[in-house]
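Letter by letter, the chains look like this.
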Amino acid sequence: MTPAETDTQARTETAYAYRAFISYSHRDKEVAQRLHRAIESYRIPSKLVGKVTAVGRTPSRLRPIFRDREELPASGDLSAELTAALRQSMFLLVICSPAAAGSRWVNEEIKQFKAFHGDGRVLALVVDGEPHASEIPGRDHRECFPEAMRFRIGPSGELSDVPAEPIAADYRREADGPRLATQKLIAGLTGLKLDDLVQRETQRRIAQATAVAVGAVMGMVVTGGLAFYANSLRIEANEQRAIAEHEAAAARAASDYLVGTFELSNPATDNPRTITALTILSRSAERAQRELAGQPTIEARLLATLGRAYNNLGLLSEAQASLEKAMPVVEKAGPDGVDALLVLAQTYGLQGQIEKSLATVRHAERVIGPDPEAQPFLRAKASLARGRILVNASRVKDGLAALDLAVYYARRAEDAPPNFMASVLSNRGLLLSDDGQFAAAEASLQESLVLFQKELGPSHLQSGKAWFALAQNSFNAGQLPKARQQIAEALRIQRKVLDADNPILANTLSMQGQILQGLGQLGEAERSLREAVAIYRQAFGGPHFLIGIAEVYLAMIESARGDPDAALATLADAKRNYDASYGKIHPNHGDLLVNRAKILAKAGRFAEARSDCAAGVRILTETLGAEASFTRQLAGECKTISERAPSRVAAKS
């Protein structure tokens, strides 16, 4: 940093009387008080104090915070004190709820702060309601963002019609929770990385836990010595039995500790880049391999959890390497290793290795055993895994049979959680949609969404996936405006809980692009599709069928803009991705050829278009069947192309 920059930095740090101004509705006063205390009492980790960030040098404490208000005036203007405090505050913290969204004063405070400082330093804390609910018909009463939060400030100081993207933390326990939400706000107030704060907080807690553990061990040593003295005259058999029981208890405690370490690191509800648990998980796996070498059941359970965490983070190669390396342990675990096998099958499926994925499920079913009435929950899991794979393979009848079997076993399994049934219903709904049974599909998918929201919360990743599934069904049914609203809700949730390079987010962006392309919003559609392709290429490191799907829609956009050569080149790359992923003819090859025919027909190349259409419908008939809804739909589109083509006689004349 140059001397001039240092001087500017110093002036910036002293230009504000308050670190933040807390804006809130009086109905949320208790939350505002707790937040005020939490921020002002928070001690920045010593190693981060003094660090220079985009908002200045990091202090040891974030004081003062402005919260208390005088009685608001009856006029439409804020008091001079509040206006001055807004002007002298570096940040604005808005406690967001339906009450805040309906508060004239909260809205006015946001407007004035933005007029003084712009949009960039407004931070939101959601305590009730739903962000952007006013954009969904019938949900206006659940909106938690005030109007001034939802739109950018214009040059004249008035709100514009340009949507804003508020930086928000969710205080509710089913979302971020109070601790993580407060840490997110502190990261915003300091310019520090949330990962750094979480990591330092974790180290602080580990140090505290270590101190407690040392004290406990010392107590155990003293107690153990007294117990040894008291029991020294007992017969050897009793002494050995006590030792054995102690060792068994220690083994159970070690198992519970390690499993708890994994399950506390849940990437479905937190931004993956903020989860320092990735390092913790890897170290715990190494520790498990060292300390639990003689306990394959516990080790297999840990490895399955690690694999799921890797998959949720989009780290598919890491998941595959970890699970394949552990296969000897998984085999020794017997039925207790089935979860690890199914996670490996999921990993193969996410990478487009369909046959390898199915083979792994078959192996898991052999491990469960031949008795169809035994282990119902494990059999339900295996059937669900098979059904998910068959969704990607477009094998509708086989997929529905697998998911019906999963429902059967799940109803018989006393230990099947509600969110498991939600997963079965979601996948079953997607297959019904592929089969053209859109109403039945929507009923299944809506039930799935309700279960996920009830069990996991409205902002959980699985709830976002449920919205995605509903959008896909609406898209398949041709209900594009409805699909656009549903995919927007899915994207809102996923942008909150996933990092920008997660392939799950890419799936949603790809679907959004497909929907927008169908609505004729080509610019927005292209942006979504290209973002999806970029994420896929980074995540997979090579060809993947998901890249091909997005490219087919990009090609249609290029054709609509009058560039058939670019469109055909994009389709050629899509085919390369399909060929590498599927390894054989797939329904998507047929879909690609029919879309290629549309592009050729638009360019006036009708003979090539007829040829591609015939080849495409032939592939769909061979893979899906002539009576499949998708086959009939594309056959109808090819008939339209043929009817548009000039006759050969007319062409010669």
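Our subject is the structure listed above.
Let me begin by describing the structure that accompanies this report. (Residues numbered from 1 in each chain as written. Predicted model: local features only at pLDDT ≥ 70, side-chain atom pairs only at ≥ 80, totals over all residues. Heavy atoms only, no water.)

## Quick word on the packing of aromatic side chains
Tallied over the entire structure, the rule returns eight aromatic pairs. For the ring pair Tyr-536 and Phe-540, a centre distance of 5.8 Å and an interplane angle of 15° mean the geometry is stacked. Here Tyr-536 and its partner Phe-540 are both found in helix 23 (residues 522-540), four residues apart, which amounts to about one turn of the helix. Look at Tyr-536 and you get buried, because its relative accessible area is 1%. With relative accessibility at 19%, the residue Phe-540 sits in the buried group. (Phe/Tyr/Trp six-rings, centres within 6.5 Å; stacked < 30°, edge-to-face > 60°. Helix = DSSP H or I, 4+ residues; strand = E, 2+ residues; numbered from the N terminus. Buried < 20%, exposed > 50% of the residue type's maximum accessible area, 1.4 Å probe, protein only.)

## Observations regarding the sheet that holds strand 4 (residues 65-66)
What the five strands build is an open sheet, ordered 4-1-5-6-9; its pairing is parallel. At either end of the open sheet lies a strand with only one pairing partner, and these are strand 4 and strand 9 (167-170). Two strands pair when backbone bridges link them, and strand 6 (residues 122-126) and strand 9 are joined in this way by four bridges, in the parallel orientation. Bridged to Ala-124 within strand 9 is Ala-168. Along the sheet face, helix 2 (residues 29-41) touches strand 1 (18-23), strand 4, strand 5 (89-96) and strand 6 and points at about 140° away from the line of strand 5. (Pairing = 2+ DSSP bridges. Contact = heavy atoms within 4.5 Å. Axes fitted to C-alpha atoms, helices over the stretch in contact; angles between N-to-C directions.)

## Some words on the state of the cysteines
Tallying each qualifying case throughout the model produces one disulfide. The side chain of Cys-613 participates in a disulfide bridge whose partner is Cys-638; the two sulfur atoms lie 2.2 Å from each other. Because the sign of the S-S torsion sets the handedness, a value of about -90° for the bond joining Cys-613 and Cys-638 places this disulfide among the left-handed ones. Taken together, the residues span a long stretch of sequence, with Cys-613 in helix 27 (residues 606-623) and Cys-638 in helix 28 (residues 629-644) at a distance of 25 residues. Classification of Cys-613 by relative accessible area gives buried; the value is 5%. Owing to a relative accessible area of 10%, Cys-638 belongs among the buried residues under this scheme. (Disulfide = S-S within 2.5 Å.)

## Overview of the pairing of strand 6
Burial analysis of strand 6 places five of its five residues in the buried class, which makes it a mostly covered element. Relative to strand 6, strand 5 is paired through five bridges, and the arrangement is parallel. Bridged to Cys-96 within strand 6 is Val-126.

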